[in-house]
Amino acid sequence: MSSPPVAPPGWSRWLVPPAALSVHLSIGQAYAWSVFKPPLESALHLDGTQSALPFQLAIVMLGLSAAFGGTLVERNGPRWAMTVALVCFSSGFLISALGAQTQQYWLIVLGYGFVGGIGLGIGYISPVSTLMKWFPDRPGMATGIAIMGFGGGALIASPWSAQMLESFGTDHSGIALAFLVHGLAYAVFMTLGVLLVRVPRPDGRTESATDAAAGVQVSARSALRTPQFWCLWVVLCTNVTAGIGILEKAAPMITDFFADSSTPVSVSAAAGFVALLSAANMAGRIGWSSTSDLIGRKNIYRVYLGVGALTYLVLALFGDTSKPLFVLCALVVLSFYGGGFATVPAYLKDLFGTYQVGAIHGRLLTAWSTAGVLGPLIVNWIADRQEAAGKDGPALYGLSFSIMIGLLLIGFVANELIRPVHTRHHVPAPKEAPDAQREQPA
């Protein structure tokens with residue numbers, strides 16, 4: 001644990017993506033928290049806002065722990081980071097199990113939200129720089145494979161959690177047992193990643209020759225002083241805001257759009273729509289990020305932001321005329337949402353090199369935390385105000401869709417402003433990197 005495990009001769013680099021995937025599939029359970037909301041509300045007499053608190057705190061802690069722990073992850077290596085993620089994420093479930101059993105809701109908030117949220121953040125960034133060092137030829141594909149797991153974790157966790165609650169019961173004891181099983185099972189599964197992960201040998205064979213020639217190596221501290229970092233922060237924030245705008249309110253949104261049609265959307269159909277969005281989110285993470293290796297990171301973000309704005313325009317103008325059109329547009333937006341997450345580590349690598357890219361990625365994820373508040377706030381606040389004004393159906397969302405179009409266009413402009421990082425921000429030479437790293441704050 002004191003130093004990253006170095007791959008022995010003949011070690012296949014294709015063992016590293018499964019190691020990363022085991023962590024991301026586990027922490028991706030966060031997207032399935034809604035399964036526990038109704039049982040918790042019933043068993044512990046909570047309202048909807050209270051039952052959402054553990055998830056909200058977990059997302060906040062994800063952003064904060066990724067931002068403040070990124071340098072530690074880079075310094076101590078992927079095995080240390082994955083172990084910290086394992087301990088925190090699994091402990092969060094165990095603390096939550098104690099809280100459910102004793103009917104102390106604050107323990108569930110502390111366990112799942114605070115402790116587990118730290119595991120989310122450290123686990124999310126743990127494999128990023130390692131994957132890009134192993135796959136300098138296809139960094140978008142490599143990070144896409146891992147981050148695809150975070151988007152798809154709920155596809156496993158949601159039915160699994162529902163089945164456990166059905167078997168154990170939905171009272172406080174049944175919820176506690178489900179939390180306990182989650183904590184133990186995820187500990188075992190994440191251990192596979194801890195045991196498998198390796199870093200490449202420092203013999204130059206897996207490092208990016210392009211980076212070495214161009215001298216593109218920037219420390220996390222220096223990256224924060226560049227306009228490129230903040231332009232990319234705007235790009236990620238606007239793209240994520242647009243995706244969450246649909247994802248967070250997907251079921252009621254499609255119901256509202258076709259409530260007055262001859263064939264309104266049923267509850268089961270709305271649930272199926274949500275599942276389709278999750279699949280598009282996951283597919284976009286590997287599909288679009290792999291495409292970025294072929295056409296370039298700036299070009300793929302032109303697609304995310306430019307085509308995303310056009311897609312939102314189609315939704316605003318024609319979304320209520322055809323269910324297939326509405327579903328198709330929503331799937332496109334969610335695929336861009338997932339693709340944006342998976343492509344941004346490779347974009348960072350192109351701009352700042354592999355040196356401390358995990359720490360830079362962690363700081364950039366504060367854009368996710370911001371978007372996680374901004375997207376739902378825009379859609380829900382405007383919909384509530386429009387409903388209070390006597391409007392219904394698609395009219396509830398027209399203004400919020402227009403705002404999303406504006407935000408995506410802002411992100412498009414920010415992407416166009418990104419240029420190569422000036423050499424004054426580069427680490428002077430590879431041999432000096434360890435000294436520069438020691439100067440970085442934890």
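Residues numbered from 1 in each chain as written. Predicted model: local features only at pLDDT ≥ 70, side-chain atom pairs only at ≥ 80, totals over all residues. Heavy atoms only, no water.

A. View of the pattern of salt bridges. On inspection of all chains with the given rule, the structure shows six salt bridges. Salt-bridge contacts for R138 lead to D137; the nearest nitrogen and oxygen are separated by 3.8 Å. Judged by relative accessible area, which is 45%, D137 ranks as partly exposed. One salt-bridge network, held together by shared partners, links R13, D137 and R138. (Salt bridge = Lys/Arg side-chain N within 4 Å of Asp/Glu carboxyl O. Buried < 20%, exposed > 50% of the residue type's maximum accessible area, 1.4 Å probe, protein only.)

B. Region of interest: a nonpolar patch on the surface. On the surface, a cluster of nonpolar side chains totalling about 390 Å² of accessible area is made up of L94, F168, L177, L180 and L184. With three residues, helix α8 (residues 172–196) is the largest single contributor of residues to the nonpolar patch. Secondary-structure assignment places L177 in helix α8. (Patch = residues over 30% accessible without salt bridge, like charges linked within 9 Å, V, L, I, M, F, W, Y side chains within 5 Å. Areas by Shrake-Rupley, 256 points an atom, 1.4 Å probe, with all protein chains shown as cover. Helix = DSSP H or I, 4+ residues; strand = E, 2+ residues; numbered from the N terminus.)

C. View of helix α12 (residues 250–257). When we look at burial in α12, the residues that qualify are A250, M253, I254 and F257. The buried side chains of α12 occupy one side of the element, clustering within an arc of 90 degrees when seen end-on. In the core, the buried residues of α12 are packed alongside α11 (227–247), α13 (267–295), α14 (297–318), α15 (323–352), α17 (366–388) and α18 (398–416). (Arc of directions from axis to C-beta. Contact = heavy atoms within 4.5 Å.)

D. Layout of the nonpolar core. Counting 117 residues, the largest nonpolar core has Y124, F179, L232, I246, Y312, F352 and W368 as its most contacted members. For this core, the element with the highest residue contribution is α15, accounting for 15 residues. Apart from the residues lying within four places of it in its own chain, the contact partners of Y124 are H24, I27, I147, F150, R285, F341, H361, L365 and W368. Judged by nonpolar contacts, the second largest core, of 10 residues, contains W134, F135, A142 and I145. (Core = buried A, V, L, I, M, F, W, Y, C linked by side-chain atoms within 4.5 Å.)

E. Seen up close, the packing of helix α3 (residues 48–76) against helix α5 (residues 105–125). At a minimum axis separation of 6 Å, α3 and α5 run at an interaxial angle of 35 degrees. Here the hand of the crossing between α3 and α5 comes out right-handed. In terms of residue class, the contact of α3 with α5 is made up of 18 nonpolar, eight polar and no charged. (Axes fitted to C-alpha atoms, helices over the stretch in contact; angles between N-to-C directions. Left-handed = near helix turned anticlockwise from the far one by under 90°. Nonpolar A, V, L, I, M, F, W, Y, C, P; charged D, E, K, R; others polar.)

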